Amino acid sequence: MRISAKNASQPLLLANIGVLLTLRSSHPGPRRGAVLQELNILQDAAVFCLGGKIVSVGKTKDALRDPWIKKNHHKITEIDCTGKVVLPGFVDAHTHPAFVVPRLLDFEKRTAGATYEEIAEAGGGIRSSVQAVREADKKLLNGKILKALWAMSAQGTTTVEAKSGYGLSLDSEIMSLEAIHDAAANWPGTVVPTLLGAHVVPMEYKKNPQKYVDLVCKQMVPLAAKRKLAKFVDVFCDKGAFTAEDTERIFEAATAHGLAVRAHVCQLTETVLGPLLRFHPLSFDHMDHVNEDDIPQLAKRNTVATLVPGANYFLGLEKYPPARKLIDAGIPVAIATDYNPGSSPTSSMPLVLSLACTHMKMSPAESIAAATINGAWSLGLAERKGSIEPGKDADLAIFDVKDYREIPYWFGNDHCEATVLNGIIMMTTENSPARI
Ligand SMILES: [Zn+2]
C-alpha cells in the first residue's frame, strides 16, 4: 500500500465512475426500515474534492464542463474509475485496537470446545490481554494501533471508533487513549476515541467491584475528559461484567464531564435497556439478546443498534444478532468489525458486510448503508461522514468491481483498490489508477 497524495488541499477528481453509491437521502435521522435500502445510485458519475471536502457530485460530462475544473485541469489529481464502484468510506463504529498480542491460547481452547465464559473463568479472555498492555510502553501500543488503522483503510475504512479497555487502571487506560491519539495523528483518516475503562473488573478488584466503578467514575472519566482524550464513555453491561446500576453511575459521571455514552449490551444475556435510555446513548452494541419489550421503545429513538457479527463468527456461535427483526421494527442498525484480540480479530469491513448478508439476512444494500451512514450516526458524525454529498468530508472507497453487490459477495477477498481519507489518496494496489 502507499499514500499517493500527502496534501489534502490538493484538488481531486474521481471521474467516469461506473457506479457511485451516494447514500444521499431526504429522510432525516439514521436510516431505518425500508429507507436502509436506499443507496441513491449515480452512473457515469464524478466526485470533485478540494481541501479535504467534497465539492460536487454529478455526471462526469458535467464535471468536465465545469469552468474551474477546465481551467485548473493540470493541477487536479484525477482518478479514472471506469468500470468501478465508488462508495462512502466505511465507518467502523466499534473497534478495540489498543492491545499488544493476539490471544492464540484462547483461540486454540475454543477449537477444543471451551466457551467464552469458561475461557474467561480460567483467566483467559479480556483479563489476559491486560497484563501485556500494562507492561507495554506507549510507543509499542501506538505502533500496533497504527498498523491496524492502515489495515482497515486498505479495505475501505476511513473512520474508526477506537476504544481503550485493556489497561483497566488509571495509568494504563489513559496511556491507551494517548496511544490511540498518537496513532490517529499519523493516519489520514478520522479516529473517534472512546474510554472503555469499564470493560471488565480487573483481578485486583474482583472482591470489591464497586471500588473499581468508583475509580472509573471519579478518576478515569474526569481525567479523560479534562485531557480531551475521549469523545465517548463505553461500558460492558452484561453478565460477568458490569450491572445496569454500575452502568448508570458511570454514565452519570460521563454526562457530568461532557462525554457522550455508548454501551456493549445484550451480548451474552438480555440487558435491561430502559434505565440507560435517559442518557441518550448514541449506540447500543452487540444486541444479540434483545428483550422484546425494548424493541418498540428503541424504534422511536435515534440510538443505533451497532451489530458485530464478526464476534459471532469467530466464537463459532450458531446464533447471530437479530438484524432482520430490528430493521423491520424500525430500529436503525449499523454494522462494525469489533476488531479485538479475543472475539473478532478482523479489520475487514467487507467481510462484516458479507456476514451481515449471509448470517443476518440483511440485503447487500442494507449492509452498505449500515456500514457507512448509520455508522456515522452512531458516532455523532452524520453531518460530516457516511454519504457522498457536497460539504461532507472527502472519505471515499474505490472498489474494483462492477456491481456493489460484489463487495459482500466475494468474502475473504479484497477488492478495495484505493481509499480517499479526508482528501488524501491511499492506493492499495500496485496498478495505480491515479494520474498525478
Ligand atoms: Zn466490543
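Keep in mind it's a predicted model, so treat the numbers as computed, not measured. Numbers given for residues are sequential positions, taken from 1 along each chain in its written order. Whole-chain, interface and lining totals are the exception, using all residues; otherwise, since this is a predicted model, local features are given only for residues with pLDDT of at least 70 and side-chain atom pairs are given and counted only at 80 or more. Hydrogen atoms and water are omitted, and side-chain values are computed over all heavy atoms in the structure.

A. Seen up close, a nonpolar patch on the surface. Patches in this entry comprise residues that are over 30% relatively accessible and not in a salt bridge; like charges within 9 Å are linked, as are nonpolar side chains (Val, Leu, Ile, Met, Phe, Trp, Tyr) within 5 Å. To be clear on the numbers: accessible area is Shrake-Rupley with a 1.4 Å probe, and residue cover counts the displayed protein chains and nothing else. A pair is scored as a salt bridge if a Lys or Arg side-chain nitrogen falls within 4 Å of a carboxyl oxygen belonging to Asp or Glu. On the surface, a nonpolar cluster with roughly 250 Å² of combined accessible area is contributed by Leu50, Val55 and Trp68. Residue placement: leucine 50 occurs in strand S3 (residues 41-50). To qualify as a helix, a DSSP run of H or I must reach at least 4 residues; to qualify as a strand, a run of E must reach at least 2; elements of each kind are numbered from the N terminus.

B. Expanded view of the layout of surface pockets. There is about 480 Å³ of room inside the largest pocket. Going through the elements one at a time, helix H4 (116-121), helix H5 (126-135) and helix H8 (209-226) are the ones with two or more residues in the lining of the largest pocket. Each residue receives one of three labels: charged for Asp, Glu, Lys and Arg, nonpolar for Ala, Val, Leu, Ile, Met, Phe, Trp, Tyr, Cys and Pro, and polar for the others, Gly being one of them. Of the residues that constitute the lining of the largest pocket, the class distribution is 10 nonpolar, 5 polar and 6 charged. Here the term cavity refers to a set of points on a 1 Å grid, laid over the protein atoms alone, in which a 1.4 Å probe fits but cannot get out; the term pocket refers to an open set having protein on both sides within 12 Å along at least five of seven lines, with lining residues being those that place an atom within 4 Å of a point. Lining the second largest pocket we find 18 residues, and of these Gln267, Leu268, His289, Leu315 and Leu317 sit closest to its centre. Those elements giving two or more residues to the lining of the second largest pocket turn out to be H4 and helix H11 (309-314). In terms of residue class, the lining of the second largest pocket is built from 7 nonpolar, 6 polar and 5 charged. Grid points are joined across faces, edges and corners, and a volume is the space filled by probe spheres set on the points.

C. Fine view of the coordination of the zinc ion. Sites may look incomplete, because water is not among the atoms used; the donor set itself consists of N, O and S atoms within 2.8 Å of the metal (3.2 Å for Na, K and Ca). The coordination sphere of the zinc ion, as far as protein atoms go, consists of His94 (NE2), His96 (NE2), His264 (NE2) and Asp338 (OD), spread over 2.0 to 2.7 Å. Every angle between 85 and 135 degrees makes a four-donor site tetrahedral, while opposite donors more than 155 degrees apart, with all other angles between 65 and 115, make a four-donor site square planar and a six-donor site octahedral; other sites are irregular. Around the zinc ion sit 4 donor atoms; with metal-centred angles ranging over 77 to 169 degrees, the donor geometry is irregular.

D. Up close: the sheet that holds strand S13 (residues 304-307). In short, DSSP must find at least two bridges between two strands for them to pair. Strand order in this open sheet of 8 strands is S7-S8-S9-S10-S11-S12-S13-S14, and the pairing throughout is parallel. Strand pairing shows two members of the sheet lacking a second neighbour, strand S7 (90-95) and strand S14 (333-335), which therefore form its edges. Averaged over all adjacent pairs, the angle separating strand axes in this sheet is 25 degrees, with direction ignored. Pairing of S7 with strand S8 (residues 157-163) involves 4 bridges; the strand directions are parallel. Counted as the bridge partner of valine 91 is threonine 159 from S8. For every element, the axis is a line fit to its C-alpha atoms; helices are fit only across the contacting stretch, and the angle between N-to-C directions ranges from 0 to 180 degrees.

Geometry only, nothing functional implied.
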